Amino acid sequence: QAQLVESGGGLVQAGGSLRLSCVVSGRTFSNYAMGWFRQAPGKEREPLTAISWAGGSTRYADSVKGRFTISRDNAKNTVYLQMNSLKPEDTGVYYCAAAASLSRAYSVPDYWGQGTQVTVSS
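Since the model is a prediction, treat every value here as computed from it, not as a measurement.

Visitor: How should unusual backbone geometry be read in this particular structure?
Guide: Leaving glycine aside, a negative phi is the common case for residues, and trans is the common case for peptide bonds. Of note, Asn77 is a non-glycine position whose phi angle comes to about 55°, a positive value. Relative to the assigned elements, Asn77 resides in the loop between β7 (68-73) and β8 (78-83). A residue is classified by how much of its surface remains accessible, and Asn77, at 29% relative accessible area, is partly exposed. A positive phi angle is found at Ser85, which is not glycine, with a value near 50°. Mapped onto the elements of the fold, Ser85 is located in the loop between β8 and β9 (92-99). Judged by its relative accessible area of 42%, Ser85 is partly exposed.

Spelled out as structure tokens, the structure:
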């Protein structure tokens, strides 16, 4: 029903910044809560952040709180992840996700993107 396409990943030095984007198609974007997950090498995929359908509520993992910011532009069917003060442990594949609620977007999303690689050098 929905297709998610991430972009913006790459190589960055520790302390630097990146902004990831995720474009959603298939149905009305504003009907989805959105989230971002990360899978580091040798680790389980973990939720990082999520944002409600209207954008008025957000949730962040402790590991990224204060450094990462999720936002959305419903007119552009796009969700963003602004990543600042990046650390080597932020390295991994970042996945965009869509769900029917904020809680689901942070736990068991209904739709996934293919992921984009982020590598933070030390």
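There's plenty left to go through after this.
Visitor: Would you mind going over the pattern of salt bridges with me for this structure?
Guide: Two side chains with opposite charge may pair up if their charged atoms get near one another. Per the stated rule, a full pass over the model turns up four salt bridges. Among the ionic pairs, Arg104 bridges to Asp110, the shortest N-O distance being 2.8 Å. We classify Asp110 as partly exposed; its relative accessible area is 36%. By sharing partners, the salt bridges in this structure join Arg38, Glu46, Arg67 and Asp90 into a single network.

What counts as what
- Residues numbered from 1 in each chain as written.
- Predicted model: local features only at pLDDT ≥ 70, side-chain atom pairs only at ≥ 80, totals over all residues.
- Heavy atoms only, no water.
- Helix = DSSP H or I, 4+ residues; strand = E, 2+ residues; numbered from the N terminus.
- Buried < 20%, exposed > 50% of the residue type's maximum accessible area, 1.4 Å probe, protein only.
- Salt bridge = Lys/Arg side-chain N within 4 Å of Asp/Glu carboxyl O.

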